Structures are given as C-alpha cells and as structure tokens.
Amino acid sequence: MYSPGYYCQNGRRSKCKDGRYGDQSALFNDNCSGFCPRGFFCPENTVNPIPCSPGSYASGGAKECTSCDVPLTVPMEIKNSMCRNDRSCCFDYDTN
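Please read all numbers here as calculations on a predicted model, not as lab measurements.

Rules and cut-offs
- Residues numbered from 1 in each chain as written.
- Predicted model: local features only at pLDDT ≥ 70, side-chain atom pairs only at ≥ 80, totals over all residues.
- Heavy atoms only, no water.
- Helix = DSSP H or I, 4+ residues; strand = E, 2+ residues; numbered from the N terminus.
- Rg over C-alpha atoms; globule rule 2.2 N^0.38 Å.
- Phe/Tyr/Trp six-rings, centres within 6.5 Å; stacked < 30°, edge-to-face > 60°.
- Lys NZ or Arg CZ within 6 Å of the ring centre and 35° of its normal.
- Pairing = 2+ DSSP bridges.
- Salt bridge = Lys/Arg side-chain N within 4 Å of Asp/Glu carboxyl O.
- Buried < 20%, exposed > 50% of the residue type's maximum accessible area, 1.4 Å probe, protein only.
- Disulfide = S-S within 2.5 Å.

1. What to know about the overall build of the protein chain
Counting secondary structure elements, the protein chain contains 1 helix and 8 strands. What you see in the protein chain, going N to C, is helices and strands ordered as β-β-β-β-β-β-β-β-α. Against the globule reference of 12 Å for 96 residues, the protein chain gives a C-alpha radius of gyration of 16 Å, more extended than a compact globule. If you line up the protein chain on its principal axes, its C-alpha atoms span 60 × 15 × 15 Å.

Take a look at the structure:
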C-alpha cells in the first residue's frame, strides 16, 4: 500500500503530479485525490492543498500561487481579507 501523496499504476509507485493532491493512501491512478482547489496550490507529491498567502491567488489545479503585486502601502489586514481564488482578487482592495 502506498502513502498519501503517491499513486500506484501498473505496479509502479509515482508521486502525485503538480496541481493535484493525494490525501489518501492506496490511490491507483494519476488523478490522485483530485485537482488542487481554488485558493490553494499543490506542488508535486502534495498530501494536503496549501493555502495561498495573502496578496496572491490560484485557480483550480495550480502548482503555485500567483502574486497580485499589491502595493506595499496596502495594510496587512486588507491583504488578509482579499479573496485568493481568482485573478479578480488582485483588485479586491481599497486603501480609502
């Protein structure tokens, strides 16, 4: 039986691919447990999707989050409240 983060296909153990995660053991195809959800990223061999940091976003199946390049003048509490699942989140702040 294989550990989470891996799948077995044709008797061969492989890591779950970028953009997918494997939160269970004994997975038997390269779909693993599924695509990484929106607002999270999954590098190769991910067991649990990792949330994007404030000021970044990821659509489904991402291997990394994309920075919004939010200006340094935007307070952290505003960055923390921004959505993290779509490019439109990058415009989800108001400094007034």
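2. Structural notes on the packing of aromatic side chains
Ring pairs (aromatic) are described by centroid distance and by the angle formed between their planes. Enumeration according to the criterion identifies 0 aromatic pairs in this entry. Directly above the ring of tyrosine 6 sits arginine 13, whose terminal nitrogen or CZ lies 3.5 Å from the centroid. The ring of phenylalanine 35 carries the charged tip of arginine 20 above its face, separated from the ring centre by 3.8 Å.

3. Examining the pairing of strand β2 (residues 12-15)
Of the pairings in the sheet, the one linking strand β1 (residues 6-9) to β2 comprises 4 bridges and is antiparallel in character. Along β2, the bridge assignment pairs cysteine 8 with arginine 13. Between β1 and β2, which follow one another and run antiparallel, lie 2 residues, and asparagine 10 among them has a positive phi close to 55°.

4. Focus: the pattern of salt bridges
Within this structure, the stated rule accounts for 2 salt bridges. In this structure, aspartate 30 engages lysine 17 in a salt bridge whose closest nitrogen and oxygen atoms are separated by 3.3 Å. One end of the pair, aspartate 30, is in the loop between β3 (20-21) and β4 (34-35); the other, lysine 17, is in the loop between β2 and β3, and 13 residues separate them in sequence. Take lysine 17: its relative accessible area is 42%, and that puts it in the partly exposed class. Between arginine 38 and aspartate 86 there is a salt bridge, with the nearest N and O atoms lying 3.4 Å from each other. A residue pair is termed long-range when its members are at least 10 positions apart, and arginine 38 in the loop between β4 and β5 (40-41) and aspartate 86 in the segment after α1 (76-81) qualify at 48 residues. By relative accessible area, which is 44% here, arginine 38 ends up partly exposed.

5. Considering the state of the cysteines
Taken as a whole and assessed by the stated rule, the structure comprises 5 disulfides. Here cysteine 16 connects covalently by a disulfide to cysteine 32, the sulfurs 2.1 Å from one another. Given an S-S torsion of about -110°, the disulfide between cysteine 16 and cysteine 32 has left-handed geometry. Residue cysteine 16 is found in the loop between β2 and β3, and its partner cysteine 32 is found in the loop between β3 and β4; the two are separated by 16 residues along the sequence. Each of the two residues, cysteine 16 as well as cysteine 32, counts as buried. Covalently, cysteine 52 is tied to cysteine 65 through a disulfide, its sulfur atoms 2.0 Å apart. Between cysteine 52 and cysteine 65 the disulfide shows an S-S torsion of about -85°. By sign, it is left-handed. You can see cysteine 52 sitting in the loop between β6 (50-51) and β7 (56-57) and its partner cysteine 65 sitting in the loop between β7 and β8 (66-67), a full 13 residues away along the chain. Taking the relative accessible area as the measure of exposure, cysteine 52 reaches 2% and is therefore buried. Cysteine pairing in the protein chain follows 1-2, 3-4, 5-6, 7-10, 8-9, where each cysteine in a disulfide is numbered by its order in the sequence. Free of any disulfide, cysteine 8 has its nearest cysteine sulfur in cysteine 32, 11 Å distant. On the basis of relative accessibility, which here comes to 13%, the residue cysteine 8 falls in the buried class.

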